[in-house]
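# Geometric and topological summary
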Amino acid sequence: MFKLLSFLSPLLGAERAHDIATAILYFTGKIPGVKWLLHKLYAVEDPSLEREVFGIKFRNPVGMAAGFDRNGDIFRELSAMGFGFVEIGTVTALSQTGNPKPRLFRLDNDQAIMNRIGLSCKGLERVISNLRHEHNGIVIGCNIGKNSATPPEDAPQDYLKVFRNLYQYADYFTVNVSYSTSFKQYVPRTKESIISILNPLFDFRRGQNQYRPILLKISPDLSNEDIDMMTDIMVDTPLDGIVATNATIRHTGLTTDSELLKSYGAGAISGKPLTKRSIEVVRRVYQRSHGTYPIIGVGGLMTPQDVKDMLDAGASLVQIYTGFVYNGPRFVGDICNSLLNK
Ligand SMILES: Cc1cc2nc3c(=O)[nH]c(=O)nc-3n(C[C@H](O)[C@H](O)[C@H](O)COP(=O)(O)O)c2cc1C
């Protein structure tokens, strides 16, 4: 089914193919026995795959990256397919549609995806209605952002609103300050602006009975100095870890026909063109923080070997998005099997 949709993607458009695949997962997942079947078909279970990171137990280190299940509609089905955790979002307080379509393109020659979706989310109410039922042990990360219409000076309130409303429903939170794929949105870049977003979250957390780790998701397009600055924020504040990286706005080195690329317009690139850089960023964060903080490595993990390289660079957990789109649902199991054969 996934291979068929992937094949039909040029006809349907990449976003419609994605929407159809997720709708099929959503509706079939409600049929008794389907999640059991997905688990039987795709999941690989073994105690030696388990990890304990920032106080949370993961059944394996491979998660679904943010942007795939933006509203938390299909995290149960993704978990049944073998993911060790699912990061939903980016969740914004209010519903917003993102940029006009088409805004998602497959670059098959480059094993990449280009997107300028912007943050498209159905808002807090929809997400809460999805998350409020028992999670049955599924680890859920919630990636949070601000609505495009919120002025930059009100960004901290926006992040806090999403955080406090979802606090009881997610296992950890990722604060998305990485380069926005909307190309219109404000991106907090300075130490002060990032800390002004984080501090209210730390304050809120201090008053809660349960501890929720907070991570920062960073862009691969940051300079080395800015990566160090983000790492220092982690070391100097109660931040629990870093998610590195988001997609890149750099289009260098692509083999996709340049006229075709031009016709698609602006967009951030995920997938193979990102592999080297995301691993480099993780290594830099790891070395500067002396390996003492958890890092979730994401970006261009297209083969089990890429995942091993990412873990060797210092990641405690990994996430995949484009690799899943290109390799299909067996990919998570392939990665787990390859980790077992280490
Ligand atoms: C279509 C699409 C939408 C995405 N949306 C989000 C998002 O809403 N929030 C976010 O933090 N990252 C988002 N990402 C970035 C991914 O989570 C991931 O960081 C990036 O794609 C690199 O991983 P990959 O090469 O495995 O795809 C999106 C990526 C894609 C391809």
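Predicted, not measured: the structure shown is a model, and the values here were computed from it. (Residues numbered from 1 in each chain as written. Predicted model: local features only at pLDDT ≥ 70, side-chain atom pairs only at ≥ 80, totals over all residues.)

## Focus on unusual backbone geometry
The condition is simple: Only DSSP runs of H or I covering at least 4 residues are called helices, and only runs of E covering at least 2 are called strands; the numbering of each starts at the N terminus.
Backbone torsion omega between Gly 89 and Thr 90 reads 15°, so that peptide bond is classified as cis. By secondary structure assignment, the location of Thr 90 is in strand β4 (residues 85–91). Put simply, Lys 101 and Pro 102 share a cis peptide bond, and its omega is 0°. Mapped onto the elements, Pro 102 comes out in the loop between β4 and β5 (104–107). Positive phi, normally seen in glycine, also occurs at Asn 136, with a value near 50°. By secondary structure assignment, the location of Asn 136 is in the loop between α5 (124–131) and β7 (140–144). Phi is positive for His 290, which is not a glycine, with a value near 55°.

## Some words on the sheet that holds strand β9 (residues 214–218)
Hydrogen bonding along the main chain pairs the strands of a sheet, whether they run parallel or antiparallel. For the record, the criterion: Strands pair, by our definition, only if DSSP identifies at least two bridges between them. To define axes, lines are fitted to C-alpha atoms, for helices over the stretch in contact only, and angles between the resulting N-to-C directions are given on a 0 to 180 degree scale. This entry defines residue contacts through backbone-placed C-beta atoms, with two residues in contact when those atoms are within 7 Å.
Spatial ordering of the closed barrel is given by β3-β4-β7-β8-β9-β10-β12-β13, a layout of 8 strands whose pairing is parallel. Between one strand axis and the next, the sheet turns by 25° as a mean value, whatever way the strands run. Sheet topology places strand β12 (residues 295–298) next to strand β13 (residues 317–320); 3 bridges connect them, and they run parallel. The residue of β13 that forms the bridge with Ile 296 is Leu 317. In this fold helix α6 (residues 155–166) packs onto β4, β7 and β8 (172–176), with an angle of close to 160° to the strand it touches most, β7.

## Re the site of the ligand
Heads up, the rule is: Residues are counted as near a molecule or strand when the C-beta atom, derived from backbone positions, lies within 6 Å of that molecule or strand. Gly is placed with the polar residues, together with every amino acid not listed as nonpolar (Ala, Val, Leu, Ile, Met, Phe, Trp, Tyr, Cys and Pro) or charged (Asp, Glu, Lys and Arg).
Not every one of the 26 residues close to the ligand is listed here, only the nearest: Ala 65, Gly 67, Ser 270, Tyr 321 and Thr 322. Among the elements of the structure, β6 (112–115), β11 (268–271) and α12 (322–327) are those that each provide at least two residues to the shell around the ligand. In terms of residue class, the shell around the ligand is built from 12 nonpolar, 12 polar and 2 charged.

## As for the nonpolar core
For clarity, the cut-off: Buried Ala, Val, Leu, Ile, Met, Phe, Trp, Tyr and Cys residues form a nonpolar core when they are connected through C-beta atoms within 7 Å. In this scheme the burial state of a residue depends on its C-beta neighbours within 10 Å: 20 or more other such atoms mean buried, 12 or fewer mean exposed, and anything in between means partly exposed; the C-beta positions come from the backbone.
In this structure, Ile 242, Val 282 and Val 318 are the most contacted members of the largest nonpolar core, which totals 91 residues. Beyond its immediate sequence surroundings of up to four residues, Val 282 is in contact with Ala 244, Ile 295, Gly 297, Met 310, Ala 313, Gly 314 and Ala 315.

## Section: the sheet that holds β5
The antiparallel open sheet is built from 3 strands, whose spatial order is β5-β6-β11. The sheet terminates laterally at β5 and β11, the two strands that pair on one side only. Ignoring which end each strand starts from, the neighbouring axes of this sheet average 25° apart. Taken together, the 4 bridges between β5 and β6 define a ladder with antiparallel strand orientation. If you follow Leu 107 over to β6, its bridge partner there is Ala 112.

## Points about the environment of Asn 165
Mapping Asn 165 onto the fold places it in helix α6. Each C-alpha atom, one on Asn 165 and one on Thr 92, is 11 Å from the other, the two residues being 73 residues apart in sequence. Not counting residues within four places of it along the chain, the set of residues in contact with Asn 165 comprises Leu 124 and Ile 128.

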